[in-house]
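Per-entry structural report
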Amino acid sequence: MKPITTTAELAAFCNELQGEPFVAVDTEFMRETTYWPKLCLIQVASPTHEAVIDPLADDIDLEPLLAVMRDERILKVFHAARQDVEIFNNLKAMPKPLFDTQVAGMAAGFGEQIAYDALVRQMLRIELDKSSRFTDWARRPLTEAQLSYALADVTHLAKLFPILRERLETSGRLAWVEEEMTAISDPAAYDVDPEKAWRRLRPRKTQAKYLAVFKAVAAWRERTAQNRDQPRGRILKDEAIDELATQAPTSLEALNNLRGVPKGFGGSKFGPDLLAAIKAALADPEGYAPVVDKPGPPPPQNAGAVVELLKVLLKARAEEAGVASKLIATVSDLEKIAADDNAATPALAGWRRDAFGADALKIKRGELALVLDGAKVRVVEVRRAPKAN
């Protein structure tokens, strides 16, 4: 098997994809020691064409393939799409429209976050060869076995996708998956603006001074990691950001006294740069501090019991629908519902409200009850006795 290594070959292949209803796409990348994922291989298969593309080749420009990713007439099919989508988004080619077979598998009753090989096994009755699973995809040349292993990730995907989609259409759940795809293809989900880096973390306090330093340190770490192409954690651990925001050091000595900061950090080239970012934030903490959501109403005294009740309801409703419970609601969603009937949570909106959220509120109001029927939990309506005249 010969991978595509030139722009001319890639353009010819992409021309063959025009008019196809969908293409299955997968990537191989490395990012253990980098901030930016290093794209090493791209696999593409349509109902009639397939290829492995070498993005590390000297004479290749990926623009013909990126044009396909942007072409909204062709559906792009991935499995566990987020990291692949992140790569194409970084290349200014957000894949639209897209379909994630892992999410679809959850909606179709294949369990939570089903792996690709398990989906292939269950749907196509094919056992995948895993001998090349731990390949260093950045090394060249790749063997025939490695290339065949990589291509299988999309050739099987192209076969199972139509079957999976038909299953969802028959069950009336295709719209559920399409709703999820909107979130996956939202560029905001992949925004790496350093000034927004604090949003991925959890500030523990709401004072302006704390939040200003928290945001400044998170932005400094993000910017430094991007510029040096190193993982965030190698620059500064998450827990150190909270300590820096709490202590707000303004001298190298104070910086070195913090437990969360690596030994000798103040004496490195990082120290003065980080202190400058902290001092700039402290110059106007009210103006620089981010706006965070105000804490919601205090949870009721029985919130813990309500959450446990909602967990049982969620499991029952998910089993009845043949859907992975994690797709419907998370523990965080249940905690929010337990505390507030109007909580801003996906579980109380769209198809999730129909599948679970509305019943969750009824359970809280005592309008539904959970009954153990043998080994199965049933949800029943509570009949209230009429009020006496």
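Everything that follows concerns the structure shown earlier in this document.
Read on for an overview of the structure. Model, not experiment: these values are computed from the prediction.

Calculation notes
Numbers given to residues run from 1 along each chain, matching the order in which its sequence is written. At least 70 in pLDDT is required for a residue's local features to be given in this predicted model, at least 80 for side-chain atom pairs to be given and counted, and no such filter applies to totals for whole chains, interfaces and linings, which use all residues. Based on all heavy atoms of the structure, the side-chain values leave hydrogens and waters out of the count. Counting from the N terminus, the helices are DSSP H or I runs at least four residues long and the strands are E runs at least two residues long. For every residue, the accessible area obtained with a 1.4 Å probe (protein chains only) is divided by the maximum for its type, and the residue is called buried under 20%, exposed over 50%, and partly exposed between those limits. The criterion used for residue contact is that any of the two residues' heavy atoms lie within 4.5 Å. Here the Shrake-Rupley method, with its probe set to 1.4 Å, supplies the accessible areas, and only the displayed protein chains count as covering residues. The sign given to each residue is positive for Lys and Arg and negative for Asp and Glu; His and the chain ends receive no count. Throughout, a charge is located at the NZ atom of Lys, the CZ atom of Arg, the CG atom of Asp or the CD atom of Glu. When DSSP finds two or more bridges between two strands, those strands count as paired. The angle between two axes is taken between their N-to-C directions and runs from 0 to 180 degrees, where each axis is a line fitted to C-alpha atoms and a helix contributes only its stretch in contact. Under the pairing criterion, centres of Phe, Tyr and Trp rings, with the six-membered ring standing for Trp, must be within 6.5 Å; the plane angle then separates stacked pairs below 30 degrees from edge-to-face pairs above 60, leaving the rest tilted. In our convention, an over-ring charge means Lys NZ or Arg CZ found within 6 Å of a ring centre and within 35 degrees of that ring's normal. Note on terminology: angles under 35 degrees are roughly parallel, angles over 145 are roughly antiparallel, angles of 65 to 115 are roughly perpendicular, and the others are oblique. The handedness criterion is simple: a crossing whose near helix is rotated anticlockwise from the far helix by less than a right angle is left-handed, and one whose near helix is rotated clockwise is right-handed. Think of it as three bins: nonpolar holds Ala, Val, Leu, Ile, Met, Phe, Trp, Tyr, Cys and Pro, charged holds Asp, Glu, Lys and Arg, and polar takes everything else, Gly as well.

Comments concerning the overall build of the protein
Each helix and strand in the protein was counted, giving 17 helices and seven strands. Dimensions of the protein, computed from the C-alpha atoms along their principal axes, are close to 85 × 65 × 35 Å. Across the 389 residues in the protein, those meeting the buried criterion constitute 48%. Sequence-distant contacts, at least 24 apart, represent 60% of the contacts inside the protein between residues at least 6 apart. Of the roughly 20500 Å² of accessible surface on the protein, a fraction of 50% belongs to carbon and sulfur atoms. Counting 53 positive and 56 negative side-chain charges, the protein places the averaged centre of each group 6 Å from the other.

Focus on the environment of Lys 205
Of note, Lys 205 is situated in the loop between α7 (174–184) and α8 (208–228). Note on Lys 205: relative accessible area 28%, which makes it partly exposed. Taking the C-alpha atoms as reference points, Lys 205 and Ala 245, 40 residues apart in sequence, are found 9.4 Å from one another. Setting aside chain neighbours within four positions, we find Lys 205 in contact with Tyr 210, Leu 211 and Thr 246.

Here we look at helix α10 (residues 238–247)
Of all the positions in α10, only Ala 240, Ile 241, Asp 242, Glu 243, Leu 244 and Ala 245 are classed as buried. Along its buried surface, α10 packs onto α8, α11 (252–256) and α12 (270–283). Two residues or fewer after α10 comes Ala 248, characterised by a positive phi angle close to 45°.

Details of the sheet that holds strand β5 (residues 98–100)
Read from one edge of the open sheet, five strands run β3-β2-β1-β4-β5, paired in mixed fashion. Edge strands, defined here as strands with exactly one partner in the open sheet, are β3 (50–53) and β5. Neighbour-to-neighbour, the strand axes of this sheet turn through a mean angle of 25°, independent of strand direction. Relative to strand β4 (residues 75–78), strand β1 (residues 22–30) runs parallel, the two being bridged by three bridges. Paired with Val 23 across the two strands is Lys 76, which belongs to β4. Of the strands in this sheet, β1, β2 (38–45), β3, β4 and β5 are in contact with helix α6 (residues 144–171), which crosses β1 at around 140°.

As for the packing of aromatic side chains
Aromatic rings considered in pairs are described by the distance between their centres and by the relative angle of their planes. Applying the stated rule across the entire model yields 10 aromatic pairs. Note on Trp 220 and Phe 265: the rings are 6.1 Å apart at their centroids and 80° apart in plane angle, and the pair reads as edge-to-face. Placement of the pair is Trp 220 in helix α8 and Phe 265 in the loop between α11 and α12, with a sequence separation of 45 residues. Trp 220 sits in the buried class, given a relative accessible area of 3%. For Phe 265, a relative accessible area of 4% corresponds to the buried category. Judged by centre distance (5.8 Å) and plane angle (35°), the ring pair of Phe 265 and Phe 270 falls under tilted. The ring of Tyr 288 carries the charged tip of Lys 215 above its face, separated from the ring centre by 4.4 Å.

A word on the pairing of strand β7 (residues 376–381)
Bridge analysis of strand β6 (residues 368–373) against β7 gives six bridges, and the strand direction is antiparallel. Following the sheet pairing, Ala 369 is matched in β7 by Val 380. Taken together, β6 and the strand that follows it, β7, pair antiparallel across an intervening segment of two residues, in which Gly 374 is found at a positive phi of about 70°.

Brief notes about the environment of Arg 383
Residue position: Arg 383 is located in the segment after β7. Given a relative accessible area of 83%, Arg 383 falls into the exposed group. In the structure, Arg 383 is positioned 17 residues away from Gly 366 in sequence and 9.8 Å away in space, judged by C-alpha atoms.

Brief notes about helix α2 (residues 63–70)
Each turn of an α-helix holds 3.6 residues, which means side chains three or four residues apart point in the same direction. Regarding α2, the residues found buried are Pro 64, Leu 65, Leu 66, Val 68 and Met 69. Those residues of α2 hidden inside the fold are in contact with α1 (7–17), β1, β2, β3, β4 and α3 (82–90).

Comments concerning the pairing of β2
The element β2 is extensively covered by neighbouring structure, given that seven of its eight residues are classed as buried. The pairing of β1 with β2 spans seven bridges and is classified as antiparallel. Residue pairing in the sheet places Glu 28 in a bridge with Leu 41 of β2. Bridge analysis of β2 against β3 gives four bridges, and the strand direction is antiparallel. Across the sheet, residue Ile 42 finds its bridge partner in β3, namely Ile 53. Where β2 folds back on β3, the antiparallel hairpin that results is connected by four residues.

Let's talk about the packing of helix α14 (residues 303–321) against helix α16 (residues 331–339)
Interhelical geometry of α14 versus α16 gives an angle of 125° and a closest axis separation of 9 Å. Taken together, the axis directions place α14 and α16 in an arrangement best described as oblique. You can see that α14 and α16 cross each other, and the crossing is right-handed. Along its contact with α14, which presents Ala 303, Val 306, Val 307, Leu 310, Lys 311 and Leu 314, the element α16 presents Val 331, Leu 334, Glu 335, Ile 337 and Ala 338. Taken together, the residues that form the contact of α14 with α16 break down as nine nonpolar, no polar and two charged.

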